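Per-entry structural report
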Amino acid sequence: AYYFIRTATVTESVPAGLKPGVNINGDNSAAFLLYAPYKNSVFVMGDFNNWVHSSEGFMKRSPDGNWYWLEVSGLDPAKEYGFQYLIDESLRIPDPYSSKVLDPWNDKYIDAVTYPDLMPYPEGKADNLVSVFQTRPEVYQWKNSSFTPPEKDTLIIYEMLVRDFVETHRFKTIRDTLDYLERLGVNAIELMPVNEFEGNSSWGYNPSMYFAVDKYYGTANDLKELIDSCHSRGIAVILDIVLNHAFGTNPLVRMYWNSLTNQPAANNPWFNVTSPNPVYSWGYDFNHASPQTQAFADSVCHYWISEFRADGFRFDFTKGMTNTPGDGGAYDASRITILNRIGNKIRTYKPEA
């Protein structure tokens, strides 16, 4: 038997410079930061504390009550760690900003050729998606650092669903097939969503995690190598991103959920209770009037450009990215404002995107 007597949550200001998600402080330490207003307690539980309630995992709360944070030490830089947040002692979620997750339902069908040395899911210690981090992960060495994308009016775009373009459904096989695309005269590849989606075989428009590469296609470094190889051939890479909606395994959906109505709760900082577009509606509808959604969307775009050197985006179902009721077919100034805000933010750090 094991028990832990929970004391009151410690209130302490968030250390300067911490960003949402896992912050690597060095080879042996990391700091976790989670936005969780209206919650009473949060534990971080993982391989580093044996997945148990403990004072070592009891997160501190910011004075405004919105943020939970904790620093963890004694980590091994050569080891990957799985973890989850336990919210109000009842809900387990992965970190919304995870760059890698373990899936208890679908990982078992991913072979070792596609994703070598995939760590096993912590059966009996967690449920739903599990976040993974490492303080000193393998760093991809970029070969092409001087790529200039083609002018927008000269783009010849090949839209590609990885699992249909190559039978192996691997980024590596696409990299080996670039001769074919180059002979076609293609100068841009638009990858249909490659961030973690529900299931393994999908078009990708059922997004789950926005910062993690879907492992059914390979590793994050496999994707970087593909983009690097494209750039070496003068081919831009455009990523298809779904910012209109997310599906039910997304932690931002699950954090604020009304189980009686089977909808996002009214106090969900990121999602509308119901979509204002009942004609075309998938998953759960992001509220792009919310500052929290805006900050999240900006983080998503910045991550894929800064970490993967993506050249631009195709946003899925933009006519749904509004709170104006209807089917999205009419002129909508608020939607244009939302899209301009996202685009202008991207161009502050990548003008040619």
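Residues numbered from 1 in each chain as written. Predicted model: local features only at pLDDT ≥ 70, side-chain atom pairs only at ≥ 80, totals over all residues. Heavy atoms only, no water.

1. Observations regarding the overall build of the protein chain
Secondary structure summary: the protein chain contains 7 helices and 17 strands in total. By the compact-globule yardstick of 20 Å for 353 residues, the protein chain fits well, its C-alpha radius of gyration being 21 Å. With respect to the three principal axes, the spread of C-alpha positions in the protein chain is 65 × 50 × 35 Å. Within the protein chain, buried positions represent 54% of all 353 residues. In the protein chain, 71% of the contacts between residues at least 6 apart in sequence involve partners at least 24 apart. If you average the places of the 30 positive and of the 42 negative side-chain charges in the protein chain, the two averages end up 2 Å apart. (Helix = DSSP H or I, 4+ residues; strand = E, 2+ residues; numbered from the N terminus. Rg over C-alpha atoms; globule rule 2.2 N^0.38 Å. Buried < 20%, exposed > 50% of the residue type's maximum accessible area, 1.4 Å probe, protein only. Contact = heavy atoms within 4.5 Å. Lys, Arg positive; Asp, Glu negative; His and termini not counted. Charge placed at Lys NZ, Arg CZ, Asp CG, Glu CD.)

2. Quick notes on the sheet that holds strand 4 (residues 60–61)
Taken together, the 4 strands give an open sheet; going across it, the order is 1-2-5-4, and neighbouring strands pair in antiparallel fashion. The sheet is open, and its two borders are formed by strand 1 (21–26) and strand 4, each paired with just one other strand. (Pairing = 2+ DSSP bridges.)

3. Notes on the sheet that holds strand 11 (residues 188–191)
Strand order in the open sheet made by the 4 strands is 10-11-12-17, with parallel pairing throughout. Single-partner strands in this sheet number two, and they are strand 10 (157–160) and strand 17 (312–315). The sheet shows a mean angle of 25 degrees between the axes of neighbouring strands, direction not considered. Here strand 10 pairs with strand 11 via 4 bridges, running parallel. Considered in strand 11, the bridge of Glu159 is made with Glu190. Packing of helix 6 (residues 291–308) onto the sheet brings it into contact with strand 12 (236–241) and strand 17, and relative to strand 17 it is tilted by some 140 degrees. (Axes fitted to C-alpha atoms, helices over the stretch in contact; angles between N-to-C directions.)

4. Side note on the pattern of salt bridges
Evaluated as defined, the whole model comprises 17 salt bridges. The salt bridge involving Arg136 is made with Asp27; its shortest N-O contact spans 2.3 Å. Placement of the pair is Arg136 in the loop between strand 9 (130–133) and strand 10 and Asp27 in the loop between strand 1 and strand 2 (29–35), with a sequence separation of 109 residues. Overlapping salt bridges, with partners in common, bring together Asp107, Glu196 and Lys215 in one network. (Salt bridge = Lys/Arg side-chain N within 4 Å of Asp/Glu carboxyl O.)

5. Some thoughts on the packing of aromatic side chains
All chains considered together, the criterion is met by 35 aromatic pairs. On the numbers, 4.9 Å between centres and 65 degrees between planes, the contact of Tyr35 with Trp67 is edge-to-face. One end of the pair, Tyr35, is in strand 2; the other, Trp67, is in strand 5 (residues 67–72), and 32 residues separate them in sequence. The interplanar angle of 80 degrees and the centroid separation of 5.7 Å between the aromatic rings of Phe211 and Phe296 together place this pair among those described as edge-to-face. With Phe211 in the loop between strand 11 and helix 4 (220–232) and Phe296 in helix 6, this residue pair connects regions lying 85 residues apart in the sequence. A relative accessible area of 3% places Phe211 in the buried class. In textbook terms, an aromatic cluster arises when at least three aromatic residues are bridged by ring pairs, as seen for Tyr97, Tyr210, Phe211, Phe271, Phe286, Phe296, Tyr303, Trp304 and Phe308. The ring of Tyr256 is capped by Lys39, whose NZ or CZ atom sits 4.3 Å from the centre of that ring. (Phe/Tyr/Trp six-rings, centres within 6.5 Å; stacked < 30°, edge-to-face > 60°. Lys NZ or Arg CZ within 6 Å of the ring centre and 35° of its normal.)

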